[in-house]
Amino acid sequence: MVRKTLIAGNWKMNCLTQEGTQLAKEIAAKVKAEKFDCEFLICPPFTLLATIKKCLRGTKIALGAQDVHFAEKGAHTGDISPLMLTDLGCKYTIIGHSERRVDHQESNELINQKAVAAHKAGLNTVICIGETLEERENGRTIQVCQNEIFGSVPDDATAKNTVIAYEPIWAIGTGKTPTVADVQEVHSAVRKALAKKLGKSTADKMRILYGGSVKPSNAKELLALPDVDGALIGGASLKADDFIAIAQNAPK
Ligand code: 13P
């Protein structure tokens, strides 16, 4: 089965217009200048989606958002609907990032609802899961991740409309990463949970990204793991050279 590597950048709450434009243009130029086997995705903040879309014109880099509301429209002050994102040219949205699960108390049920709404509007989702340090230290990593898969991934998920991102919370922005053996163990367990929920054929085709302190120096060993199908990159996606260097380490 072929799972095309996805190299995704989550810019989080970073970049004003000038900085974001420059970063996207640099990445676009580098992606155009070289032959890559992988797919690319950039998820800037909502405020820059329209601007960055223009910078990515003529490239194969997809545009994504970092969150979405589950309602089609209406009285939801400050929220953004799935159709608003497709209207801006988004192909993807991240859902259930730990920074939203923790900072905004987002539950598996809410994330599931958001995913259903996004898929209905034609958006692909990157659904994030991952354990806290305490959960890891208590040996609960696999159980936590499998529970998040069962709760957050909707029944309508397919290998086309859904990508999973395993991001251990303690590895985000810390420079720490699990061992490659630990990453492979979790990804394989996540795929088993997906098989139980969606069937083996879908699970075998669904991409599972690793996220958490991915950088050029550790990208090769992480991306080479059998159940790692790409990376969701925070800090290193804000430097064009680093983002591209990670992609250059994708398996051919
Ligand atoms: P860092 O790459 O900065 O650790 O962030 C990972 C992340 O949270 C991507 O969604």
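Residues numbered from 1 in each chain as written. Predicted model: local features only at pLDDT ≥ 70, side-chain atom pairs only at ≥ 80, totals over all residues. Heavy atoms only, no water.

Draft legend 1. Molecular detail of the site of the ligand. The environment of the ligand is formed by 13 residues, the closest being K12, H97, G173, S213 and G235. A distance of 3.0 Å separates an oxygen atom of the ligand from a polar atom in the side chain of N10. The separation between an oxygen atom of the ligand and a polar main-chain atom of G235 is 2.8 Å. For the ligand, whose accessible area on its own is 310 Å², the fraction buried by protein is 95%. Considered class by class, the residues forming the shell around the ligand number four nonpolar, seven polar and two charged. (Near = heavy atom within 4 Å. Polar contact = N/O pair within 3.5 Å; in protein donor to acceptor, adjacent residues only side chain to side chain. Areas by Shrake-Rupley, 256 points an atom, 1.4 Å probe, with all protein chains shown as cover. Nonpolar A, V, L, I, M, F, W, Y, C, P; charged D, E, K, R; others polar.)

Draft legend 2. View of the pairing of strand β2 (residues 39-43). Where burial is concerned, most of β2 is hidden: four out of the five residues are buried. This β-α-β element, strand β1 (residues 6-10) to helix α1 (residues 17-33) to β2, shows right-handed connectivity. As paired elements, β2 and strand β3 (residues 61-65) share three bridges and run parallel to each other. Paired with L41 across the bridge in β3 is A62. Tracing the backbone out of β2, into helix α2 (residues 49-55) and back to the parallel element β3 gives a crossover that is right-handed. (Buried < 20%, exposed > 50% of the residue type's maximum accessible area, 1.4 Å probe, protein only. Helix = DSSP H or I, 4+ residues; strand = E, 2+ residues; numbered from the N terminus. Right-handed = clockwise from strand over helix to strand, strands pointing away. Pairing = 2+ DSSP bridges.)

Draft legend 3. How the structure looks around empty space enclosed by the protein. As enumerated under the stated definition, the model contains one cavity of 30 Å³ or more in all. Taken as a whole, the largest cavity holds about 40 Å³ of empty space. Contributing to the lining of the largest cavity are G96, S98, R101, C128, I129, G130, E148, E167, I169 and I172. When contributions to the lining of the largest cavity are tallied by element, the ones reaching two or more residues are α4 (98-103) and β5 (124-129). (1 Å grid on protein atoms, 1.4 Å probe; cavity = no way out; pocket = protein on both sides within 12 Å on 5 of 7 lines; lining within 4 Å. Points joined across faces, edges and corners; volume = space filled by probe spheres on them.)

Draft legend 4. Expanded view of the layout of surface pockets. Taken as a whole, the largest pocket holds about 470 Å³ of empty space. Along the wall of the largest pocket there are 23 residues; nearest its centre are M13, F46, Q66, D67 and R100. Sort the elements by how many residues they give to the lining of the largest pocket and α4 lands first, with three residues. For the second largest pocket, the calculated volume is near 380 Å³. Along its surface, the second largest pocket is lined by 23 residues, and E39, K91, Y92, N124 and R207 are the ones closest to its centre. Those elements that place two or more of their residues in the lining of the second largest pocket are β2 and β3. Ranked by residues supplied to the lining of the second largest pocket, first place goes to β3 with three residues. Across the lining of the second largest pocket, the residue classes tally to nine nonpolar, four polar and ten charged.

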